Amino acid sequence: MLQNQTPQPPQLRRYPDTQEAERLVRLAKSESLGDGGIRTSQILSDALAADPCHHEAQVLQERLHQAFVPRWHFPMLADKARNRAYAQAIAAKVRPGDVVLDIGCGAGLTAMLAARAGAKHVYTCEQQPLIAEAATRVIAQNGLSGRITVIPKWSHDIVIGKDMPEQADVVISEIVDTVLLGEGALATLTHAMGALAKPDARAVPERGTLKAQPVESGDLLDLWRPQEAEGFDLSAFHPFARMAQLTPNDLETCALRPLGMATDLFQFDFTRPDINPARAAKDLVCAGAGTIHAVFVSFEMELAPGILVANGLQSGGHWGRTAFLLDQPVFAEAGAQLRVTAQHDASQLSLSVHGLAPRAGDAESAALWMTGARKGGYTLRVRDRLTPVESAVWAPQIAKGSGNQAQSFH
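What counts and what doesn't
Residues numbered from 1 in each chain as written. Predicted model: local features only at pLDDT ≥ 70, side-chain atom pairs only at ≥ 80, totals over all residues. Heavy atoms only, no water. Buried < 20%, exposed > 50% of the residue type's maximum accessible area, 1.4 Å probe, protein only. Helix = DSSP H or I, 4+ residues; strand = E, 2+ residues; numbered from the N terminus. Pairing = 2+ DSSP bridges. Right-handed = clockwise from strand over helix to strand, strands pointing away. Phe/Tyr/Trp six-rings, centres within 6.5 Å; stacked < 30°, edge-to-face > 60°. Lys NZ or Arg CZ within 6 Å of the ring centre and 35° of its normal. Polar contact = N/O pair within 3.5 Å; in protein donor to acceptor, adjacent residues only side chain to side chain. Contact = heavy atoms within 4.5 Å. Core = buried A, V, L, I, M, F, W, Y, C linked by side-chain atoms within 4.5 Å.

Participant: Can you help me understand the pairing of strand β1 (residues 99–103) in this one?
Facilitator: Looking along a regular strand, one sees the side chains alternate between the two faces of the sheet. Of all 5 residues in β1, 5 are buried; the element is thus mostly enclosed. Here β1 shows no split at all, with V99, L101 and I103 on one side and V100 and D102 on the other all buried. Relative to strand β2 (residues 121–125), β1 runs parallel, the two sharing 5 bridges. Residue pairing across strands places I103 opposite C125, the latter belonging to β2. For the crossover that starts at β1, traverses helix α6 (residues 109–116) and ends in the parallel β2, the hand is right-handed. Pairing of β1 with strand β4 (residues 168–173) involves 4 bridges; the strand directions are parallel. From the neighbouring strand, V100 faces β4, where its bridge partner is V170.

What follows is the structure in C-alpha cells.
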C-alpha cells in the first residue's frame, strides 16, 4: 500500500520588476561607451534579469553587441575547414615550452589551440573590451586560464616585461580581410615580428598571395548595377558601385564564371612583413570566350607548409569575396588579355581596368588601317573581322569614310 506523500510547496514565481528594469535602462542610456561598452552591457544584463521580457533593454543590448562585436565572428567560428586548417598549422608550428603571442583573440579559439599544441604560455590580445571579457570566460570554461592570458589591448600597446615576460617564439594571427589588407595586418605584423617576437620566431600564417581573374556574371551586374526599377533608369547611380563585396550567398546566387585562371598580383611574407606600397600591371588571360563583367580578386594564405586557406571561387567557407566591376562589360575571345593595374598600401587595395590588351598582329593591322586612312579609305585586308569593341568604334567611321577620324585611334 502506497504511503501518502507530503505535497511539495509550489515553486515561488518571480514576477518581473518592470520598474527596476526601467530605471536600469535609463541608466544604461546615459552611460558613456568609453570603456568599450562593458559597463553598459552589464547594466542592460541587470535590467533583463529584473524583467527578461523588457523590450527596450533587449533592443539596446542587441544594438550594443552588434556595434562592438562584428557579426563575421560567428560564421568564422562555424567554418570547420578554416578551424581544422588553423588547428593543423598551429600543431605543426608550436613546440612544447614555446611562448605564443596570439593577435586578435576573438572567442579565444586559436589561443586554446596553441595551448593544446603544447605552448608553455599563450598571451592573446584583444582591443575590444567586450570581446576580451567574453574570451576570458570561454578560456576559463575550458580549463585553460592558467595557461592563457588575455591582454585587453591593441598589440601595438603591448610592453615586453609588463604585459608579456618575454618575446614570443610563435606569432599567430588571423587579422586579414577579403583582400588580406583591410584589417591592417601588414602594419600589425611588422610591429609584432619586430618588437614582440624573437628574431627566429615562427608565424601562422606564413605568407599570402593576392590573385585576380576575369569573370562573367550578368547576375552580378543585376545585383550591383540594376539598369532600371519600375521603368526608371538607374544608371547614374552605378558609379557608387565599383567594388562589389560579396557574401558566400551572393557568390552562389551570382554564379560567377571564370574566364581564365587566377593571376598573382602580390605576395606577402608575414614572417617578414613589408608595409611599403606596391604596384603591379598584369594581363589577365581569358582561356575561353565570354563577356567580362568584373575582375574577381581572391587570396590564398599558407598557414604552414602545405596547409592553405583561400577565398577563391571554389573555396567555400565563411570568407567574403571582392569583385571590381568594369565600367562597361567587354566581350573577349579565347586568348584575349584584360590589362589591369593593381596597387596597395599598408591597408587598402585598388584595381584599375584598362581594357583588352593589343593582340599579336594588331600593331601591323593598325598601321595598315592608318595607311588606308591617309589614302582616303580603310582597308580590312589584313583582318576581315573586328572584335565587338572595335566594331563599336570603327563601324561608324568606316561607314562615313572620314580619314580625319582615324587620328583618334592613334
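Resuming the write-up.
Participant: Would you explain the packing of aromatic side chains in this entry?
Facilitator: What describes a pair of aromatic rings is the distance from one ring centre to the other and the angle between the planes of the rings. As enumerated under the stated definition, the model contains 3 aromatic pairs in all. Seen from their ring centres, F237 and F240 are 5.0 Å apart, and the 65° between their planes marks the pair as edge-to-face. You'll find F237 and F240 in the same group, each marked exposed. When the ring of F266 is compared with that of F268, the centres are 6.5 Å apart and the planes differ by 40°; the resulting orientation is tilted. The same class applies to F266 as to F268, namely buried. Lying over the aromatic face of Y86, R82 brings its terminal NZ or CZ to 5.4 Å of the ring centre.

Participant: Explanation requested: the side chain of E216 in the structure shown.
Facilitator: Relative to the helices and strands, E216 is located in strand β6 (residues 207–216). Here T291 takes part through its backbone nitrogen, which lies 2.7 Å from a polar atom of the side chain of E216. Not counting residues up to four positions away in its chain, the partners in contact with E216 are A255, L256, R257, L259, G290, T291 and H293.

Participant: What's the story with the nonpolar core in this structure? I'm lost.
Facilitator: One recurring pattern in soluble globular proteins is that nonpolar side chains are buried together. Within the largest apolar cluster, 76 residues are counted, with the highest numbers of intra-cluster contacts made by L210, V295, V297, M301 and L303. Residue contacts for V295: discarding those within four places in its chain leaves A212, Q213, L284, T322, A323, F324, L326, L338, V340, L351 and V353.

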